[in-house]
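# Breakdown of the fold
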Amino acid sequence: MNNLGEKARLHLAHADLTVRRHPKTFSAIVTAVLTLSGVTAFGVAPLSMVDSTPKNVQMVTESVSPEGLAEQAEALAEYEMLLHRSDLTRSTDTADTLLRRLGVSDPEASAFLRKDAVARTILSGRPGKMLRAVTESTPGGGELQELVARGPAADKDKLRTHFTRITVRRNEQGLTASSEQVPLKIETRSGAATVTSTLFAATDEARMPDNITSQMAEMFDNDVNFRKDIKRGDSFAVVYETMTADGEPVTWAGTPGRVLAGRFIHGGETYEAVWFQEPGQKGQYYSMKGQGKQKAFMSSPLAFSRVTSGFAMRFHPILQTWRAHLGVDMGAPTGTPVRTVGNGVVNFAGVQNGYGNVVIVGHSAGRETVYAHLSRIDVRKGEKVSQGAVIGAVGATGWATGPHLHFEFKVKGAQVNPAEIARASETNELSPAARARFDQHAKQMHAQLVESISRPVGKLARVE
């Protein structure tokens, strides 16, 4: 018995030491026991004062039933929990695959999307429509309560001002669908990030739309080669306008949204630019010192691409002969937007022999640019286009072995090297009359750039 008593005292001493070292943990355990047990009373004394002498102990237990438990359970059973999911339409979508991706398990809704004339338009047209589905919370997917799809305006003349909102909603009579044209809104936002893998991965981290990324590349096109020179550790910050549909940045092409100011740090060098428009003139980008950033012609009609065949002699892959290649071929996936490299007028938009779908834009001083093998054409003959405007998309029409853009630059009918023309093209300078207003504007935009850098990466913020 003496050995047992000694062991008991050792255990008590060890327990006392544990409590002193971890008082909060011990208190939490006691609280949990009090909460979960049905014991009516529970006493704890400091273990250092516990008397090991055996005593008669009487324990009284009593069952406790929380009041109103049945009513609470009934109310919880009647409560309908709804789930919200968002996604974009894809070119391969069917009614079943789209609803499945949105967490919807509803044969009636799937049939409705296939048969109803209004609801069917969600799956028609170009992909990229913004989706938001509301379903009941049930295992394996719930019944559809509401599906809202937002896409380009039905009227081509309103693509820059409105969007189409299609709503599928369940009511007592079943599913209904409606379509309406709603005004787009312009919001000013900011983003900043550091490149750790690719530029697009960094801009995705900053939640920047792809068209804003492309504009940023154009802003600094004369400073940084975005097709070859981007490195890990480069960083950027932008303040930009974006068109929103019901508060969300639009995901389809053809809508306006401009970078207002930007900073790009590459190889230890810092480049900054700001958008400014003089009265009566076209707006453009300037350095913070008022020097024009834009040249009359951009270096490439594609934001990001690789040159697969340059301006030189080559072995023609189809004709199987050596001949002069009087343009530049740029490899890119089908559907990649093609931009006009300078201001001008569309001289031709249609099909031309080996060129397939081709657009020819006339510029000042007898200059023309040619964009061939397009999968689609987005402009008409006689239409005025501004530098950077999307005129079509990369394809493989005509004499082409794969998707790419064939690009030519002509001066008075003769082909010249596009790279040399871009480097030698003129720039517009800020007039002395607008200098004071520009300096004030540049100062404000610089402050907003600095503010965007100080925010957490990827956070979108409204800039007043």
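Inspection of the entire model under this criterion finds 8 aromatic pairs. Ring geometry for Phe236 and Phe264: centres 6.5 Å apart, planes at 10 degrees, overall stacked. Note that Phe236 is positioned in strand β7 (residues 235-245) and Phe264 in strand β9 (residues 259-266), a separation of 28 residues in sequence. Linked through ring pairs, Phe220, Phe236 and Phe264 together constitute an aromatic cluster. The ring of Trp275 carries Arg258 above its face, with NZ or CZ at 4.1 Å from the centroid.

Whenever strands of a sheet pair, they do so through backbone hydrogen bonds, lying parallel or antiparallel. The 5 strands are arranged β1-β2-β3-β4-β5 in an open sheet whose pairing can be described as antiparallel. Lying at the two open borders of the sheet, with one neighbouring strand each, are β1 (82-88) and β5 (174-183). Direction aside, neighbouring strands of the sheet carry axes that sit 15 degrees apart on average. Pairing of strand β2 (residues 130-136) with strand β3 (residues 144-152) involves 6 bridges; the strand directions are antiparallel. Residue pairing in the sheet places Met130 in a bridge with Arg150 of β3.

Not every positive phi belongs to a glycine, and Asp246 is a case in point at roughly 55 degrees. The phi torsion at Lys412 lies on the positive side, around 55 degrees, for a residue other than glycine. Here Lys412 shows up in the loop between β22 (404-411) and β23 (414-416).

Once that is clear, we can look at the pattern of salt bridges. Oppositely charged side chains are able to pair whenever their charged atoms sit close together. By the definition in use, this model includes 17 salt bridges. The residue Glu180 makes a salt bridge to Arg165 at a minimum N-O spacing of 2.9 Å. Taken together, the positions of Glu180 in strand β5 and Arg165 in strand β4 (residues 162-171) put the pair 15 residues apart, joining distant regions of the chain. Given a relative accessible area of 18%, Arg165 falls into the buried group. In the salt-bridge network here, residues are joined through shared partners; they are Asp106, Glu108, Glu143 and Arg170.

On to the pairing of β5, then. Judged from the 10 bridges that link them, β4 and β5 form a sheet pairing that is antiparallel. Paired with Arg165 across the bridge in β5 is Glu180. Hairpin geometry of β4 and β5 is characterised by an intervening segment of 2 residues between the two adjacent antiparallel strands.

The end-to-end C-alpha distance of helix α9 (residues 435-454), which contains 20 residues, comes to 29 Å, matching closely the 28 Å that a straight helix rising 1.5 Å per residue would cover. Along its buried surface, α9 packs onto β6 (185-194), β7, β9, β10 (269-276) and β11 (284-286).

It is worth spelling out the environment of Ala414 at this point. Summarising the element assignment, Ala414 is placed in strand β23. A sequence separation of 47 residues divides Ala414 from Arg367, and the C-alpha atoms of the two residues are 9.2 Å apart.

For helix α7 (residues 210-219), the buried fraction is high: 7 of the 10 residues fall into the buried class. Buried within α7 are the following residues: Ile212, Thr213, Ser214, Gln215, Met216, Ala217 and Met219. Buried residues along α7 sit in contact with α6 (199-205), β7, β9, β10, β11 and β16 (337-339).

For the rest of this paragraph, the subject is the nonpolar core. Ranked by size, the top nonpolar core spans 21 residues in total, and within it Phe236 and Phe264 carry the most contacts. At 4 residues, the largest contribution of residues to this core is made by α7. Leaving out residues up to four positions away in the same chain, Phe264 has contacts with Leu199, Met216, Phe220, Val224, Phe226, Ile230, Asp234, Ser235, Phe236, Glu269, Thr270 and Tyr271.

What follows concerns the confidence of the model for the chain. Summing up the model confidence of the chain, the mean pLDDT is 79 and the portion of residues at 70 or higher is 75%. Across residues 17-50, confidence stays below pLDDT 50; counting only partners more than four residues off in sequence or on other chains, it has 14 contacts. Counting contacts from residues 305-316, a segment whose pLDDT is below 50, to residues more than four positions away or on other chains yields 45 contacts.

Rules and cut-offs
- Counting of residues starts from 1 at the beginning of each chain's written sequence and follows it residue by residue.
- For this predicted model, a pLDDT threshold of at least 70 governs which residues receive local features, and a threshold of 80 or more governs which side-chain atom pairs are given and counted, while totals over whole chains, interfaces and linings are taken from all residues.
- Excluding hydrogens and water, the side-chain values take into account all heavy atoms of the structure.
- Under the pairing criterion, centres of Phe, Tyr and Trp rings, with the six-membered ring standing for Trp, must be within 6.5 Å; the plane angle then separates stacked pairs below 30 degrees from edge-to-face pairs above 60, leaving the rest tilted.
- The helix count covers DSSP runs of H or I at least four residues long, the strand count covers runs of E at least two residues long, and both are numbered beginning at the N terminus.
- By definition here, charges over rings are those cases where NZ of Lys or CZ of Arg is within 6 Å of the ring centre and within 35 degrees of the ring normal.
- Paired strands, as defined in this entry, are two strands with at least two bridges between them according to DSSP.
- Between N-to-C directions, angles span 0 to 180 degrees; the directions come from axes that are lines fitted to C-alpha atoms, helices contributing only their stretch in contact.
- For this analysis, a salt bridge means a side-chain nitrogen from Lys or Arg found within 4 Å of a carboxyl oxygen belonging to Asp or Glu.
- The cut-offs for exposure are 20% and 50% of the maximum accessible area for each residue type, with area from a 1.4 Å probe on protein chains only; residues under the lower value are buried, those over the upper are exposed, and the others partly exposed.
- Residue count minus one, scaled by 1.5 Å, sets the expected span of a helix.
- Note on definitions: a residue-residue contact is assigned when non-hydrogen atoms from the two residues lie within 4.5 Å.
- Within this scheme, the nonpolar core is defined by two criteria: the residues are buried Ala, Val, Leu, Ile, Met, Phe, Trp, Tyr or Cys, and they are joined through side-chain atoms within 4.5 Å.
- Residue-level confidence of the predictor, termed pLDDT, takes values from 0 up to 100.

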